[in-house]
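The residues making up each chain are set out below.
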Amino acid sequence: MLKQLMIGLVALTMAMPVLADEPAANAIDQDQRMEWWRDARFGLFIHWGLYSIPAGEWQGNTNHAEWIRHTAHIPLETYNQYTDEFNPTEFDADEWVKMAKQAGMKYLVITSKHHDGFCLWPSDQTEFDVSSTPFDRDIMGELKEACDKHGLKFCMYHSIMDWHHPDYLPRREWEKDRPADDADYDRYVTYMKAQLKELIERYDPAVLWFDGEWEGTWTHERGIDLDEYCRSLKPDIIVNNRVDKGRRGMAGLNAEGTDWRGDFGTPEQEIPATGVPGVDWESCMTMNGHWGYNKLDKNFKSTTDLVRKLIDIASKGGNYLLNVGPMANGEFPEESIERLAEMGAWMDNNGDSIYGTTASPCPMPEWGRVTRKGDRVFLHVFDWPADGKLVVPFAAEVTSCKLLAAPQRTFETNATPKGLELMLTGDAENSIASVVELTIDGEVKPIK
Ligand code: FHN
């Protein structure tokens, strides 16, 4: 009863603010806010909630995941019953964060609320939250504490689209039995902002990763207002471009023109062909074929593929947000655990060629990728040349050339019309990618 009274009071006091068209007065310079994010390059995405309980299966169909309430047309009252089952007794925030850290990840983005509307924290705004389950623990608070302890940035995904709240519109087209006559979308936005106020004030997320912005009820004007609202509560917060309407589908970058809000673009399940100078972006991807846990989906990408995707993304100036869908009991799938550990083994020796780097100073070579960090250029050699000759498509004065992971192994370089030619003696240092570090004196001149 108290929670309902508080919900009513908040709804009354949360007036729809005037739409701002100027950044909040207390906004912090974007470069200053983005500095840690640009250095980080690599984060963990976590999709976890009630949908992890059916684990992708409904009445014999096993290809569902976090969208299962919609894709399986599960009536709200039936779906709500999962709150009685949510009891991840194996959940250990410290273990999750340690696995992310050991993988070389610098930040963690978890679904505070996905499209189904279930809240993974004890919210004062709704009963459809973790406090209504047998697992009445503050999952967000425990993860925030573990991230602070292990030095990762704690970040939150939050869905604008909400299939549970009575005021959210539109209803799913198959939901004929959920009347919407009394639905008030402005009242839903007030609810969402009250929850975001809770999340920002209680857990201090470094990033708010919005999603579910594509439906017609969400507008550019509402995107500006929400962006301003979040920044008024936390001036140094980073917000993705899905707070607004600028995103061009799964390519994730904003359309030209208009004052689209959001600090970075969000390519999904894909990597842009090239970086875009001056544009921050982060490719988010699953390890297998689903974001939420699907018990039958064993189609996991290899560690070599995952590491090379990270390198490819960094060589184009982007970040990689790699997803794990934990099981209902609170454990990561074994396949995810293995890949995180193996990625970490590569990052332990080669992370310096990823963190804090900028996009390649030259055209993409056939043998691998290139990143740069000041006067150092990193050559990520996927295909170690049998004859030892590696041509790098740029001209530069090289003062040292060595293996990043084995600096005692140095190599000769020669200037040729096609660019620098390296004589790579010996075998590849790593079958995933051997990283050669060049130290450069002066400028790098790309050769097309
Ligand atoms: O519908 C969601 C989906 O469930 C998942 O959360 C991805 C991750 O970015 N985003 C939306 C699909 O674009």
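Residues numbered from 1 in each chain as written. Predicted model: local features only at pLDDT ≥ 70, side-chain atom pairs only at ≥ 80, totals over all residues. Heavy atoms only, no water.

## So, the overall build of the protein
Looking only at helices and strands, the protein has 10 helices and 14 strands in total. At 24 Å, the protein has a C-alpha radius of gyration in line with the 22 Å of a compact globule built from 448 residues. The C-alpha extent of the protein, read off along each of the three principal axes, is 75 × 50 × 40 Å. Within the protein, the fraction of its 448 residues that count as buried is 58%. Sequence separation of at least 24 residues holds for 72% of the intrachain contacts in the protein that already meet a minimum separation of 6. (Helix = DSSP H or I, 4+ residues; strand = E, 2+ residues; numbered from the N terminus. Rg over C-alpha atoms; globule rule 2.2 N^0.38 Å. Buried < 20%, exposed > 50% of the residue type's maximum accessible area, 1.4 Å probe, protein only. Contact = heavy atoms within 4.5 Å.)

## Topic: the nonpolar core
Among the nonpolar cores identified, the biggest contains 87 residues, and I139, M140, L143 and L226 are the most heavily contacted of them. If you tally residues by element for this core, the top one is helix α7 (residues 185-203), at nine residues. Counting 22 residues, the second largest nonpolar core, distinct from the first, contains C362, V370, V381 and A406. (Core = buried A, V, L, I, M, F, W, Y, C linked by side-chain atoms within 4.5 Å.)

## Things to note about the site of the ligand
The immediate surroundings of the ligand are formed by 15 residues, with H47, E66, W67, H115 and D211 found nearest. In this structure, D211 approaches the ligand through a side-chain N or O atom, which is 2.6 Å from a nitrogen atom. A distance of 2.8 Å separates an oxygen atom of the ligand from a polar side-chain atom of E268. (Near = heavy atom within 4 Å. Polar contact = N/O pair within 3.5 Å; in protein donor to acceptor, adjacent residues only side chain to side chain.)

## Brief notes about the packing of helix α9 (residues 303-315) against helix α10 (residues 334-350)
Following both chains from N to C, one finds α9 and α10 inclined at 50°, their axes separated by 9 Å at the closest point. When the axes of α9 and α10 are compared, the pair comes out oblique. Both α9 and α10 take part in a crossing whose hand is right-handed. From α9, T303, L306, V307, L310 and I311 reach across to α10, where they touch R339, E342, M343, W346 and M347. (Axes fitted to C-alpha atoms, helices over the stretch in contact; angles between N-to-C directions. Parallel < 35°, antiparallel > 145°, perpendicular 65-115°, else oblique. Left-handed = near helix turned anticlockwise from the far one by under 90°.)

## Comments concerning the UniProt feature "site: May be important for catalysis" (unreviewed entry) in the protein
Under the UniProt annotation, "site: May be important for catalysis" (unreviewed entry) lies at C284. Counting through the fold element by element, C284 comes out in strand β6 (residues 282-286). In this structure C284 comes out as buried when scored by relative accessible area, which is 0%. Leave out the neighbours within four places in its chain, and C284 touches F45, W209, R242, P267, E268, Q269, W291 and L321. (UniProt positions renumbered as here; feature names shortened; annotations may be inferred.)

## Considerations on the sheet that holds strand β10 (residues 389-392)
Taken together, the three strands give an open sheet; going across it, the order is β10-β13-β12, and neighbouring strands pair in antiparallel fashion. Only two strands of the sheet have a single neighbouring strand rather than two, namely β10 and β12 (412-416). Here the average twist between neighbouring strands, direction ignored, is 25°. Of the strand pairs in this sheet, β10 and strand β13 (residues 419-423) are connected by four bridges, and their pairing is antiparallel. Directly across from V392, in β13, lies its bridge partner L420. (Pairing = 2+ DSSP bridges.)

## Quick look at helix α8 (residues 220-233)
Between its first and last C-alpha atoms α8 spans 20 Å; for 14 residues at 1.5 Å apiece the expected length is 20 Å, and the two agree. The element α8 is largely enclosed, with a buried count of 11 among its 14 residues. Every buried residue belonging to α8 is among H220, R222, G223, I224, D225, L226, D227, E228, Y229, C230 and R231, and all of these are buried. On the buried face of α8, the contacting elements are α2 (30-40), α7, β4 (207-211) and β5 (238-239). (Expected span 1.5 Å × (residues − 1).)

## Focus on unusual backbone geometry
The amide bond that connects L169 to the next residue, P170, takes the cis arrangement and shows omega of 5°. Its location among the elements puts P170 in the loop between β3 (153-159) and α7. Positive phi values are uncommon outside glycine, yet A55 reaches one of about 55°. On the secondary structure map, A55 appears in the loop between β1 (42-46) and α3 (68-71). Classification of A55 by relative accessible area gives buried; the value is 7%. The phi angle at D204 is positive, at roughly 50°, despite the residue not being glycine. Looking at where D204 falls in the secondary structure, it is placed in the loop between α7 and β4.

## Considering the domain arrangement of the protein
By a frequent convention, interface size equals the accessible area lost on bringing the separate parts together. Parsing the protein into structural domains produces domain 1 (2-353) and domain 2 (368-446). One C-alpha centre belongs to domain 1, the other to domain 2, and the line joining them spans 38 Å. In this assembly, 13 residues from domain 1 lie in contact with 15 residues from domain 2. For the domain 1 and domain 2 pair, buried surface summed over both sides reaches about 1300 Å², with 56% attributable to carbon and sulfur atoms. Contact with domain 2 buries surface across domain 1, with R308, D352 and S353 losing the most and accounting together for 43% of the total. At the junction of domain 1 with domain 2, the criterion picks out three salt bridges. Notably, a salt bridge pairs R376 with D352, separated by 2.8 Å at the nearest N-O pair. Seen at the junction of domain 1 and domain 2, the total is nine residue pairs in polar contact (both at pLDDT 80 or more). Elements supplying a minimum of two residues to the side of domain 1 that touches domain 2: α9 and α10. Counting residues per element, the side of domain 1 that touches domain 2 draws most heavily on α9, which supplies eight residues. (Domains from an automatic or database assignment. Buried area = accessible area lost by both parts, 1.4 Å probe. Salt bridge = Lys/Arg side-chain N within 4 Å of Asp/Glu carboxyl O.)

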